[in-house]
Amino acid sequence: MRILLVGSGAREHALAWKMKASPLAGTIYTAPGNAGTAALGTNVPIEASDIEGLVAFALEKSVDLVVVGPELPLSLGLVDALASKGDDRGPLCFGPSAAAARIESSKVFSKSFMKKYGIPTADFAVFSSFKKAKSFIEKAPWPYVIKASGLASGKGVFIPDNQEEALSVLSRLLMDGRLGAAGSEVLIEERLSGEEVSLLGFCDGKTVRPMPLCQDHKRLLEGEMGPNTGGLGAIASALPEQLAKARELSTAFLEKASAGLEAEGSSFVGVLYAGLIMTAQGPKVLEYNCRFGDPETQVLLPLLESDLVPILVACAAGGLDGLEIGWKKAASACVVLASEGYTIADDEYERDFFDFGGPADTILFHGATKLADGLPKASGGRLLCASAWGKGIDEAVDLAYSRLSRLEISHARYRRDIGAGRKFLRPASGAEAGAAVGVGAASVVVPSQDLSAALYASAGVDIDAGDKAVELMSTYVRSTYGPEVLAGIGSFGGVYDAKALGKMRNPVLVSSTDGVGTKVKLAALSGRYEGIGRDIVNHCVDDILVQGARPLFFLDYVATSRLDPAMAAHAVSGMAESCREAGCALIGGETAEMPGVYLPGEFDLAGAIVGVAERDELLPRADLFVGDLLIGLPSSGLHTNGYSLARRIFGESGLDRYGEILGRPLIDALLEPHRSYLGALKPLLEAEPGLVKALAHITGGGFEGNIPRVLPEVLDALVDANSWPMPPLFHLIMEKGGVAPAEMYRVFNMGIGMVVILSPGNLKRFTSLLASEFFVIGRLTAGKGRAILDLGRVRP
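S.K.: It is not clear to me how the sheet that holds strand S31 (residues 507-515) should be interpreted in this structure. Could you clarify?
M.R.: Strand pairs in the sheet, formed through backbone hydrogen bonds, run parallel or antiparallel to each other. Pairing is mixed across the open sheet formed by four strands, whose spatial order is S31-S34-S32-S33. Lying at the two open borders of the sheet, with one neighbouring strand each, are S31 and strand S33 (585-593). Put simply, the sheet's adjacent strands are angled 15° from each other on average, direction ignored. As judged from the 10 bridges shared by strand S32 (residues 550-560) and strand S34 (residues 603-614), these two strands associate in the antiparallel manner. The residue bridging Leu555 from the neighbouring strand is Ala608, located in S34. Packing of helix H19 (residues 565-582) onto the sheet brings it into contact with S32, S33 and S34, and relative to S32 it is tilted by some 170°.

S.K.: Please explain the pairing of strand S22 (residues 369-372) as it appears in this structure.
M.R.: In summary, the side chains of a regular strand alternate between the two faces of the sheet. In the sheet, S22 pairs with strand S23 (residues 375-378) via four bridges, with the strands oriented antiparallel. Bridged to Thr369 within S23 is Ala378. Where S22 folds back onto S23 in an antiparallel hairpin, the turn is made up of two residues, including Asp373, whose phi is positive at roughly 55°.

S.K.: What is the right way to look at the state of the cysteines in this model?
M.R.: Chemically, a disulfide is nothing more than a covalent bond linking the sulfur atoms of two cysteines. Throughout the structure, instances matching the rule amount to zero disulfides. In this model Cys334 remains outside any disulfide bridge; the closest cysteine sulfur is found in Cys385, 3.7 Å from its own. Residue class for Cys334 comes out buried when judged on its relative accessible area of 0%.

S.K.: Just to check I follow, could you spell out helix H7 (residues 107-116) for this structure?
M.R.: Because each turn of an α-helix spans 3.6 residues, side chains separated by three or four positions in sequence point in the same direction. In terms of burial, H7 is largely enclosed, as seven of its 10 residues are buried. Burial in H7 covers these residues: Lys107, Val108, Phe109, Ser110, Lys111, Phe113 and Met114. In the core, the buried residues of H7 are packed alongside helix H6 (98-105), strand S6 (124-127), strand S7 (144-148), strand S9 (186-190), helix H11 (255-263) and strand S17 (282-289). One or two steps after H7, the chain reaches Gly118, where phi turns positive at roughly 65°.

S.K.: In this structure, what is going on with the packing of helix H18 (residues 530-545) against helix H23 (residues 678-687)? I would like to understand it.
M.R.: A pair of packed helices is captured by two measures, namely the crossing angle of their axes and the spacing between those axes. Here H18 crosses H23 at 25°, and the two axes come no closer than 11 Å. Considering their axes alone, H18 and H23 lie roughly parallel with respect to each other. Seen from above, H18 lies across H23 with left-handed handedness. Of H23, the residues touching H18 (which contributes Val541, Asp542 and Leu545) are Leu678, Leu681 and Leu685.

S.K.: Is there a simple way to explain the packing of aromatic side chains in this structure?
M.R.: Each aromatic ring pair is characterised by the separation of its centres together with the angle its planes make. Scanning all chains against the criterion turns up 18 aromatic pairs. Ring geometry for Phe109 and Phe113: centres 6.0 Å apart, planes at 25°, overall stacked. Taken together, the residues span about one helical turn, with Phe109 and Phe113 both in helix H7 at a distance of four residues. Judged by centre distance (6.3 Å) and plane angle (55°), the ring pair of Tyr401 and Tyr414 falls under tilted. Of this pair, Tyr401 sits in helix H14 (residues 393-404) while Tyr414 sits in the loop between strand S26 (412-413) and strand S27 (435-439), placing them 13 residues apart in sequence. Looking at Tyr401, the relative accessible area reads 4%, which means it is buried. Through a chain of ring-to-ring contacts, three or more aromatic side chains come together here, namely Trp17, Phe365 and Trp389. Above the ring of Phe424, the side-chain terminus of Lys245 is found at 4.2 Å from the ring centroid. Sitting over the ring of Tyr414, Arg416 keeps its end group 4.5 Å from the ring centre.

S.K.: Explanation requested: unusual backbone geometry in the structure shown.
M.R.: Backbone phi values are negative for most residues with the exception of glycine, while trans is the configuration of most peptide bonds. A cis geometry characterises the amide bond from Ala31 onward to Pro32, with omega recorded as -5°. With respect to the helices and strands, the residue Pro32 is situated in strand S2 (residues 28-32). Cis geometry marks the peptide bond from Leu619 to Pro620; its omega dihedral reads 0°. Here Pro620 shows up in the loop between S34 and strand S35 (629-634). One non-glycine residue, Glu224, lies in the positive phi region at around 55°.

S.K.: Would you mind going over the sheet that holds S7 with me for this structure?
M.R.: The sheet built from four strands is open, its strands ordered S6-S9-S7-S8 with antiparallel pairing. Looking along the sheet, the strands with just one partner apiece sit at the ends: S6 and strand S8 (157-158). Pairing geometry for S7 and S8, over two bridges, is antiparallel. For Lys147, the partnering residue across the bridge sits in S8 and is Val157. Each of S6, S7 and S9 is contacted by helix H8 (residues 130-138), which is oriented at about 155° to S6, the strand it contacts most. Contacting S6, S7, S8 and S9, helix H9 (residues 163-175) crosses the sheet at an angle of about 10° to S7.

S.K.: Before we go on, may I ask you to explain the pattern of salt bridges in this structure?
M.R.: A pair can form between side chains of opposite charge whenever their charged atoms are brought close. Taken as a whole and assessed by the stated rule, the structure comprises 33 salt bridges. In this structure, the salt-bridge partner of Arg422 is Glu224, at a minimum N-O distance of 3.4 Å. Here Arg422, found in the loop between S26 and S27, pairs with Glu224, found in the loop between strand S13 (219-221) and strand S14 (225-228); they are 198 residues apart in sequence, far enough to count as distant. The exposure class assigned to Glu224 is partly exposed, which follows from its relative accessible area of 27%. Each member of the salt-bridge network shares a partner with another, and the members are Glu224, Arg415, Asp417 and Arg422.

S.K.: Honestly, the environment of Gly611 in this entry has me stumped. Any pointers?
M.R.: The topology assignment puts Gly611 in strand S34. Along the primary structure Gly611 and Pro551 are separated by 60 residues, whereas in three dimensions their C-alpha atoms are 3.9 Å apart. If sequence neighbours within four positions are ignored, Gly611 has contacts with Val508, Leu509, Val510, Ile544, Ala549, Arg550, Pro551 and Leu552.

S.K.: In this structure, what is going on with the side chain of Thr297? I would like to understand it.
M.R.: Assignment of secondary structure puts Thr297 in helix H12 (residues 296-300). Take Thr297: its relative accessible area is 0%, and that puts it in the buried class. Setting aside its immediate chain neighbours within four residues, Thr297 contacts Arg11, Ala14, Leu15, Phe292 and Pro302.

S.K.: What exactly am I supposed to notice about the pairing of S33 here?
M.R.: Strand direction decides the pairing type here: S32 and S33, joined by eight bridges, are parallel. Paired with Val558 across the strands is Thr591, a residue of S33. Regarding the hand of the β-α-β motif, the stretch spanning S32, H19 and S33 is right-handed.

S.K.: Sorry, what's going on with the packing of H8 against H9 here?
M.R.: As a packed pair, H8 and H9 sit with axes 10 Å apart at the nearest point and diverge in direction by 165°. Comparing the axis directions of H8 and H9 gives the class roughly antiparallel. In terms of crossing hand, the pair formed by H8 and H9 is right-handed. Contacts between H8 and H9 involve Phe130, Ala133, Lys134, Ile137 and Glu138 from the former and Gln163, Ala166, Leu167, Leu170, Ser171, Leu174 and Met175 from the latter. Across the contact of H8 with H9, the residue classes break down as eight nonpolar, two polar and two charged.

The rules behind these values
- Residues numbered from 1 in each chain as written.
- Predicted model: local features only at pLDDT ≥ 70, side-chain atom pairs only at ≥ 80, totals over all residues.
- Heavy atoms only, no water.
- Pairing = 2+ DSSP bridges.
- Helix = DSSP H or I, 4+ residues; strand = E, 2+ residues; numbered from the N terminus.
- Axes fitted to C-alpha atoms, helices over the stretch in contact; angles between N-to-C directions.
- Contact = heavy atoms within 4.5 Å.
- Disulfide = S-S within 2.5 Å.
- Buried < 20%, exposed > 50% of the residue type's maximum accessible area, 1.4 Å probe, protein only.
- Parallel < 35°, antiparallel > 145°, perpendicular 65-115°, else oblique.
- Left-handed = near helix turned anticlockwise from the far one by under 90°.
- Phe/Tyr/Trp six-rings, centres within 6.5 Å; stacked < 30°, edge-to-face > 60°.
- Lys NZ or Arg CZ within 6 Å of the ring centre and 35° of its normal.
- Salt bridge = Lys/Arg side-chain N within 4 Å of Asp/Glu carboxyl O.
- Right-handed = clockwise from strand over helix to strand, strands pointing away.
- Nonpolar A, V, L, I, M, F, W, Y, C, P; charged D, E, K, R; others polar.

Here it is, written out as structure tokens:
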């Protein structure tokens, strides 16, 4: 079959994805489509509002089935236009006529229809005059919601907190014309209280087949705060208990509406969508929609076990009655990623994004994306939608956030509480006697003596896991203590005896703080955490070493979405090992569990170090001269920089490859811990303090970003990139990623992690004292405080 799909959002990508899996689907044209639909068929540059263009295209290409996603072309009469132009061989249309679509396109019609056919809904009043609406508001008999009668892309519902806000909304709609014709007539509707549920059903004009129930999140901000949006996430359940609820509600709200529309002479074909609210008086309709919802489609179609195409054809041809529709016994969730200015200002938004793939039972649907020079770009609004499915809602939510974490994009936002406060779709279960504890919109029942633990647990924080983590890591931490540590783990603060510093002539404290960066994503992916603990300590040790300091004590910070005691203990064991090697006390730290801040499976690692140096031995020294040598000490790998670029190049599926090039799997090379240079340089610095003039730690920014930090403004550092062998890992990155040599040396350390500056006359003495491999990589020359790279024969 040749299929024309109309629309350009994540809903349409989900429809194309599900249709593409059908053996009946041939070419899928999507008008206008997005970068996601382009990968599944052919995008056609016809806007969804161009009815004449869509009809002409469908007839020209002899399309067999037209599937309409958004409401606008339905309200403009696309189905009617196709019916009037086609013949018996014309396309079948999945979608309602313009008359039937009024159940969404005109809220005034819809509310009057519900009242006529006895469908429970909120009380309401209709106004086109600001003066009359104002008068009603001033003596309204119930709390109210204001709705624009026409189509407003999900942004025509306003929930004012007070009369002043209500009048401001009415003024914008009725006097300023802020929503144009869509807001020229408004409903002031009774504000109902209860949990909202979405019920969608396939319709062929007579028969209705309900889909699983959904619950979405319409507000922009966590905790159901901020303005309404088109929807920023949803959950759905096709478990038996929930399917039974869907069938029961369908009888009252979908079948009744379908029969009413048929009686009006406007039989409904397509997807009929009832937005319900579960009030104390029973379920009521908030609104009807005449099409698949977005983001509801992105959680419903992954649960559909049956072939979608025969269902669409049966609806369009009036044969739904004899068709059985199967659903997976599972639940699903999706999280929408939107541009930073979504609902505010997206006109100039355009960003590259990188997708590293995701776990099984997840998929990424494209929304506001487009192809530019063959590459996908995010172009403003609701950009992408991470969908997932699992045995239950919590598992699906965790998987959806895990899928989202595999993306890299700037200036984007998402809600971190999808699924929270949504109880209607969760299975009923018996509860022990105890005290009910409310947390936000959710509640749990616990024994009364455990109230504080329950408060944290219901917010996703496991106090017991935190206690277990402290227990596991305490042995490692205490192994770094000497007599100078007076109070450490378990105390409010670390206490360090400074009397040993009294033996120094003029001691100066030196401190630094840093993080590991996106290397933590690879650690989480592989479940290997000890090396990442060594990374943070060694990085900080090197940062104070370049100022001539030896470390005294270190403090760590581990933050995660959900605390895994074993993970925290492994990371801390790595820190403790590096601290022992450095003669440094791991005096304290913080392990924070923040489910609302980090995505499931994500964590971050940072640390702070304090060291000491003699004031007259601080580096860099002032006596740097033209002709001084640059000595490079080899790195152990990428250290802690350049991982975002490396992950973009390799993704996450080939990390066990390239053993023949690297001598070990790629993941092992990438996770090699940061080298500490303290062991190599400390004996030298103590034996002859004046021998080394300066040290530069090559971290983020490469040579050009780090060597200038130790140079006076009158000197340049000339670095010969051919004076040391480039390690295979950097060759591989440059080749596979097509990265230019200049960019490689700006991002990566390229095999040199520490640069030593000394006078040429001291090279022989330096060689005799340094028990480490090194390379003479350049010299100082007159200049302007820059590092200048001679790339010479370096080639990609």
